[in-house]
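# A look at the structure
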Amino acid sequence: MVDGINIDGAFFLRYLFNPPAILWQGLWLTIWISIVAQIMGMIVGLLIALCMRSRHWWLRAFGRFYVWIWRGTPVLVQLVLIYTGVAAAGFYKYPDITIGFFVLTGPLQAALIALSLNEGAYMAEIFRAALGSIDKGQFDAVKALGMRPVTAMRYIILPQAARIVIPPLGNEFTLLIKGTSLLAVIGIRELFGTIQQLNAATFRTFELFVIAAIWYLVLTSIMGFVQRHIEAYYSRYDPPLSSQTKARVKMRGLISAQR
Amino acid sequence: MSNTTPSPLVSVEAVHKSYGALEILKGISFDVSRGEVVCLIGPSGSGKTTMVRCINHLETIQAGRITVGGEMIGYREHNGHLLELPESRISLQRQKIGMVFQRFNLFPNLTALGNITVGPVRVQRRREAEVRAEALELLRRVRLADKADNFPSQLSGGQQQRVAIARALAMKPEVMLFDEPTSALDPETVGEVLDVIKELAAEGMTMIIVTHELGFARDVADRVIMMDQGEIVEIGAATEMFSAPRSDRTRAFLQSLK
């Protein structure tokens with residue numbers, strides 16, 4: 001052993017293969033917060049994208065303003081502002097909300113709000129690009145059949161947008177999973193917060209944060225695997241996308257990945 | 001020739017349409033009786049496509065009125081002004097007007113059968129089993145019974161266009177609009193699409209067809225409308241117009257196609 005190196009192999013293996021219950025709880029928190037925030041972010045994103053495509057100028061302006069604000073500021077700032085800031089200013093004190101047996105604590109409420117609204121801005125840009133890349137003739141065809149906009153969206157437009165949205169959506173979800181590590185700053189004991197807590201008790205910093213990295217890697221890898229299957233499912237009916245659309249989607253993916 | 005009914009099924013009166021300063025339609029008027037087939041011909045940029053797109057309000061108009069079955073399409077008149085109807089009202093109006101596009105515009109996420117049933121099921125809210133049976137019958141009529149489960153990307157242009165015709169017919173429209181239905185097709189598949197349209201004509205379907213196929217227009221049209229630069233130049237029976245055009249512009253256009 002090199003002199004001065006301080007690694008406890010037994011500790012590492014024990015925490016990796018036989019993690020304490022709080023680590024499982026932290027991991028589970030990370031997973032469900034990510035999923036809920038992604039789903040709510042997609043709903044927000046779709047609504048904002050529809051605003052940006054509206055024929056009313058004030059809706060388009062609102063959509064652009066929304067994206068500008070949420071993409072232009074760091075998630076960390078948004079998080080602290082929405083939780084600590086809002087509570088400190090006395091707008092809202094985040095009392096616990098009980099749903100059945102489940103208690104949604106103040107920090108969790110703030111976390112879900114911040115992550116969803118932030119994710120919504122990125123998803124809005126992705127949905128906007130996807131809707132914009134659908135052939136104009138499709139919109140003529142749904143109108144000519146007498147379809148109302150909601151019906152057309154549900155059965156014709158969104159299924160086509162879905163296959164364009166999925167690759168960048170996968171990127172987004174990966175970023176979101178990793179982004180949940182920021183929630184530790186408002187006191188949420190998700191994966192990162194739990195690791196910090198364990199670190200404070202054991203001081204095995206290196207071992208614990210390697211374990212954290214491994215868990216994040218496992219989550220994002222599973223995500224990548226699921227994504228490939230969904231992509232295959234949605235491209236079952238069509239020849240490959242035109243190279244132009246592909247390039248545009250790839251560009252969007254790259255742009256949205258830059259945070 | 002068509003049997004003359006007292007009131008026309010489709011009536012276009014003094015329709016004006018412009019994009020900014022560019023005037024596309026400069027006061028177009030014509031009537032189409034029930035069961036009549038009218039072909040719109042003319043050089044590109046003459047406003048034919050825009051004209052048919054106004055009939056189901058895919059395009060707005062600035063002045064004039066268009067009625068189908070006596071109902072004014074897309075607008076109501078208020079103190080001499082046109083006020084656009086709400087989207088829900090226009091959607092209802094469009095259900096009785098079938099449309100076939102130059103580029104087919106089939107829904108790529110649905111099979112041939114799905115393309116045909118989605119309108120009756122999701123728009124008209126009819127029973128799925130019943131609609132499905134009708135759709136299969138329509139596919140048989142356009143000679144694509146074996147392609148029900150194929151996606152549009154697996155069909156040739158001519159096949160896609162025939163599915164598109166079946167899709168429009170499934171809504172049981174009172175009138176069918178065709179916007180250059182064979183212009184995007186390979187020459188060898190033009191015939192199969194024209195045959196289907198001819199059969200519809202023989203069955204008495206009211207149709208307004210934008211086309212460059214003069215031979216087809218001669219065969220199928222009760223009347224031909226020659227348009228140029230946003231105006232109607234000449235209206236008449238195909239045989240007369242093609243053999244003895246009254247207008248110089250018609251003569252020049254016919255010459256250019258020879």
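Everything below is about the structure printed above this text.
The shown structure was predicted, so the numbers you read here are calculated from the model rather than taken from an experiment.

In terms of regular secondary structure, chain B is built from 9 helices and 12 strands. Rg of the C-alpha trace for chain B: 18 Å, near the compact-globule value of 18 Å for 258 residues, within the 12% margin. With respect to the three principal axes, the spread of C-alpha positions in chain B is 50 × 50 × 35 Å. Residue burial in chain B is summarised as follows: out of 258 residues, 57% are buried.

So, about unusual backbone geometry. Among all residues save glycine, negative phi is the norm, and among peptide bonds the norm is trans. Residue and element names in this part refer to chain B. Its identity is not glycine, yet Phe104 carries a phi of approximately 60°, on the positive side. When you line up the elements, Phe104 lands in the loop between β8 (97-100) and α3 (112-123). Phe104 sits in the buried class, given a relative accessible area of 6%. Unusually for a residue other than glycine, Lys172 sits at a positive phi of about 50°. Residue placement: Lys172 occurs in the loop between α5 (157-169) and β9 (175-179).

Here we take up the interface of chain A and chain B. In this assembly, 22 residues from chain A lie in contact with 26 residues from chain B. Taken over both partners, the interface formed by chain A and chain B buries close to 2100 Å², and the fraction arising from carbon and sulfur atoms is 62%. Counting the contacts that link chain A with chain B gives 1 salt bridge. Where Asp140 of chain A meets Arg53 of chain B, a salt bridge forms, and the shortest distance between an N and an O atom there is 2.9 Å. Those elements that place two or more of their residues in the side of chain A that touches chain B are α6 (136-144) and α7 (149-179) of chain A.

Residues and elements named next belong to chain B. Here Leu214 shows up in helix α7 (residues 214-220). When its relative accessible area of 16% is taken as the criterion, Leu214 is described as buried. Those residues in contact with Leu214 that lie beyond four places of it in its chain are Ile41, Phe242, Leu254 and Leu257.

It is worth spelling out the packing of helix α2 (residues 21-52) of chain A against helix α3 (residues 57-72) of chain A at this point. Geometry of a packed helix pair, given as the angle between the helix axes and the separation of the axes. Residues and elements named next belong to chain A. Remark: α2 packs on α3, axes separated minimally by 7 Å, with the N-to-C direction vectors making an angle of 135°. Here α2 is positioned oblique relative to α3, judged by the angle of their axes. Classified by chirality, the crossing of α3 by α2 is left-handed. Taking contact as the criterion, the partners of Val44, Ile48, Cys51 and Met52 in α2 are, on α3, Leu59, Arg60, Phe62, Gly63, Arg64, Tyr66 and Val67. The residue makeup of the contact of α2 with α3, split by class, is 8 nonpolar, 1 polar and 2 charged.

We now examine the sheet that holds strand β1 (residues 10-19) of chain B. One key point about sheets: their strands pair by backbone hydrogen bonds, in either a parallel or an antiparallel sense. Residues and elements named next belong to chain B. Strands sit in the order β2-β1-β4-β5 across an open sheet of 4 strands; the sheet is antiparallel. A single partner strand is all that each edge strand has here, and the edge strands are β2 (22-32) and β5 (71-72). As paired elements, β1 and strand β4 (residues 63-68) share 5 bridges and run antiparallel to each other. Bridging across to β4, Glu13 finds its partner in Arg65.

Moving on, we get to the packing of α5 of chain B against helix α6 (residues 187-202) of chain B. All names here are of chain B. Two numbers describe how α5 lies on α6: the axes approach to 8 Å, and their chain directions differ by 20°. In terms of axis orientation, α5 runs roughly parallel to α6. Handedness of the crossing formed by α5 with α6: right-handed. Contacts from Gly158, Gln159, Gln161, Arg162, Ile165 and Leu169 in α5 reach Thr189, Glu192, Val193, Val196, Ile197 and Leu200 in α6. Class assignment of the residues belonging to the contact of α5 with α6 gives a composition of 6 nonpolar, 4 polar and 2 charged.

Conventions and cut-offs
Residues numbered from 1 in each chain as written. Chains lettered and ligands numbered in written order. Predicted model: local features only at pLDDT ≥ 70, side-chain atom pairs only at ≥ 80, totals over all residues. Heavy atoms only, no water. Helix = DSSP H or I, 4+ residues; strand = E, 2+ residues; numbered from the N terminus. Rg over C-alpha atoms; globule rule 2.2 N^0.38 Å. Buried < 20%, exposed > 50% of the residue type's maximum accessible area, 1.4 Å probe, protein only. Contact = heavy atoms within 4.5 Å. Buried area = accessible area lost by both parts, 1.4 Å probe. Salt bridge = Lys/Arg side-chain N within 4 Å of Asp/Glu carboxyl O. Axes fitted to C-alpha atoms, helices over the stretch in contact; angles between N-to-C directions. Parallel < 35°, antiparallel > 145°, perpendicular 65-115°, else oblique. Left-handed = near helix turned anticlockwise from the far one by under 90°. Nonpolar A, V, L, I, M, F, W, Y, C, P; charged D, E, K, R; others polar. Pairing = 2+ DSSP bridges.

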